[in-house]
Amino acid sequence: MSTLSVFHESSPELPHKVLTHAEDISSTLAEVGVRFERWQASAPIKPGASSEEVISAYQSQIDQLMSERGYVTVDVVSLSEDHPQKAELRAKFLDEHRHAEDEVRFFVAGRGLFTLHIDDHVYAVLCEKNDLISVPAGTRHWFDMGERPHFVAIRLFNNPEGWVAEFTGEDIASRFPRIDD
Ligand SMILES: CSCCC(=O)/C(O)=C/O
Ligand SMILES: [Fe+2]
Ligand code: NI
């Protein structure tokens, strides 16, 4: 179940709001400029599927997003728990960072935990299959796929180079809950 937990940045042990209805998650995140929508990920894709397979199965949704917002690059992160580099891949996203462009992710299988640091609040968004999230450029955030990753996310970029991150050097991510696996 997709879940949003909202914390004060100084209270990682206790969220002051926990939401599980998609409409509530969307409206709460919209207040801070984050887009969260339920789309239909109806093609049967399994974590570990190739990028080509995923892109071809979801070409119409990708085209829609690209034409709507002018994204120029698409790629796929598709990981299952038997991936030999799962620990390194998990570590890559675990520290607080930001991007110079929106972070647009469409989950077509499995789940992952995005945590957003906006002003003095922290928004932990457990994204699942069917969820589309777009985090505005410049937002501090991190992502946890867990010790046993199991997800497929389509990523869209304005930047022809694809994924580029600037790490903040802060250790806030280590104080907040990771994905429960
Ligand atoms: C869910 S896709 C992999 C994570 C990612 O691209 C990112 O930027 C996390 O912050
Ligand atoms: Fe990111
Ligand atoms: Ni608050």
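Quick notes on the rules
Residues numbered from 1 in each chain as written. Chains lettered and ligands numbered in written order. Predicted model: local features only at pLDDT ≥ 70, side-chain atom pairs only at ≥ 80, totals over all residues. Heavy atoms only, no water. Donors = N, O, S within 2.8 Å, 3.2 Å for Na, K, Ca; no water. Tetrahedral: all angles 85-135°; square planar, octahedral: opposite > 155°, others 65-115°. Buried < 20%, exposed > 50% of the residue type's maximum accessible area, 1.4 Å probe, protein only. Helix = DSSP H or I, 4+ residues; strand = E, 2+ residues; numbered from the N terminus. UniProt positions renumbered as here; feature names shortened; annotations may be inferred. Contact = heavy atoms within 4.5 Å. Salt bridge = Lys/Arg side-chain N within 4 Å of Asp/Glu carboxyl O. Near = heavy atom within 4 Å. Polar contact = N/O pair within 3.5 Å; in protein donor to acceptor, adjacent residues only side chain to side chain. Areas by Shrake-Rupley, 256 points an atom, 1.4 Å probe, with all protein chains shown as cover. Nonpolar A, V, L, I, M, F, W, Y, C, P; charged D, E, K, R; others polar.

Q: So, the coordination of the iron ion (ligand 2): which residues are in play, and what are the values?
A: Protein coordination of the iron ion (ligand 2) is provided by His 97 (NE2), His 99 (NE2), Glu 103 (OE) and His 141 (NE2), with donor distances spanning 2.1 to 2.3 Å. Coordination geometry of the iron ion (ligand 2): the six donor atoms subtend angles of 73 to 170° at the metal centre, consistent with an arrangement described as irregular. Mapping the donors of the iron ion (ligand 2) onto the primary sequence yields the spacing H-x1-H-x3-E-x37-H. Of the two residues examined, His 99 and Glu 103, each falls in the buried class.

Q: Could you give an account of the coordination of the nickel ion (ligand 3), naming the residues involved and the relevant values?
A: Bound to the nickel ion (ligand 3) on the protein side are His 16 (NE2) and His 121 (NE2), at distances that span 2.1 to 2.3 Å. Placement of His 16 in the loop between strand S1 (3-8) and strand S2 (17-19) and of His 121 in strand S7 (residues 121-128) is noted, with a sequence separation of 105 residues between them. For His 121, a relative accessible area of 23% corresponds to the partly exposed category.

Q: Pulling in residues and values, what's your account of the UniProt feature "site: Important to generate the dianion" (unreviewed entry) in the protein?
A: Annotation from UniProt places "site: Important to generate the dianion" (unreviewed entry) at Arg 105. With respect to the helices, strands and loops of the structure, Arg 105 is situated in strand S6 (residues 103-118). Looking at Arg 105, the relative accessible area reads 5%, which means it is buried. Setting aside residues up to four positions removed in sequence, Arg 105 forms contacts with Phe 114, Asp 131, Leu 132, Ile 133, Ile 154, Arg 155, Leu 156, Phe 157 and Trp 163.

Q: Any details on the pattern of salt bridges? Residues and values, ideally.
A: Scanning all chains against the criterion turns up nine salt bridges. For Asp 75, the salt bridge is made with Arg 155, and the minimal N-O distance between the two is 2.7 Å. Within this pair, whereas Asp 75 is found in strand S4 (residues 73-79), its partner Arg 155 is found in strand S10 (residues 151-157), the two being separated by 80 residues in sequence. A salt bridge links Arg 98 to Glu 166; the nearest nitrogen and oxygen atoms lie 3.5 Å apart. Remark: Glu 166 occurs in strand S11 (residues 166-167) and Arg 98 occurs in strand S5 (residues 97-98); sequence separation between them is 68 residues. Judged by relative accessible area, Arg 98 falls into the partly exposed class, the value being 25%. By relative accessible area, Glu 166 is classed as partly exposed at 46%. Linked by salt bridges that have partners in common, Arg 35, Glu 37, Glu 68 and Arg 69 make up one network.

Q: Pulling in residues and values, what's your account of the site of ligand 1?
A: As a matter of local geometry, ligand 1 sits amid 13 residues, with His 97, Arg 105, His 141, Arg 155 and Trp 163 nearest to it. One of the side-chain nitrogen or oxygen atoms of His 99 is found 3.1 Å away from an oxygen atom of ligand 1. Between ligand 1 and Glu 103, the relevant distance is 3.0 Å, taken from an oxygen atom to a side-chain nitrogen or oxygen of the residue. Compared with its free state, where it exposes 320 Å², ligand 1 has 100% of that area covered by protein. Among the secondary structure elements, those contributing two or more residues to the shell around ligand 1 are S6, strand S9 (140-144) and S10. In terms of residue count, the dominant contributor to the shell around ligand 1 is S6 (four residues). Looking at side-chain class alone, the shell around ligand 1 contains seven nonpolar, three polar and three charged residues.

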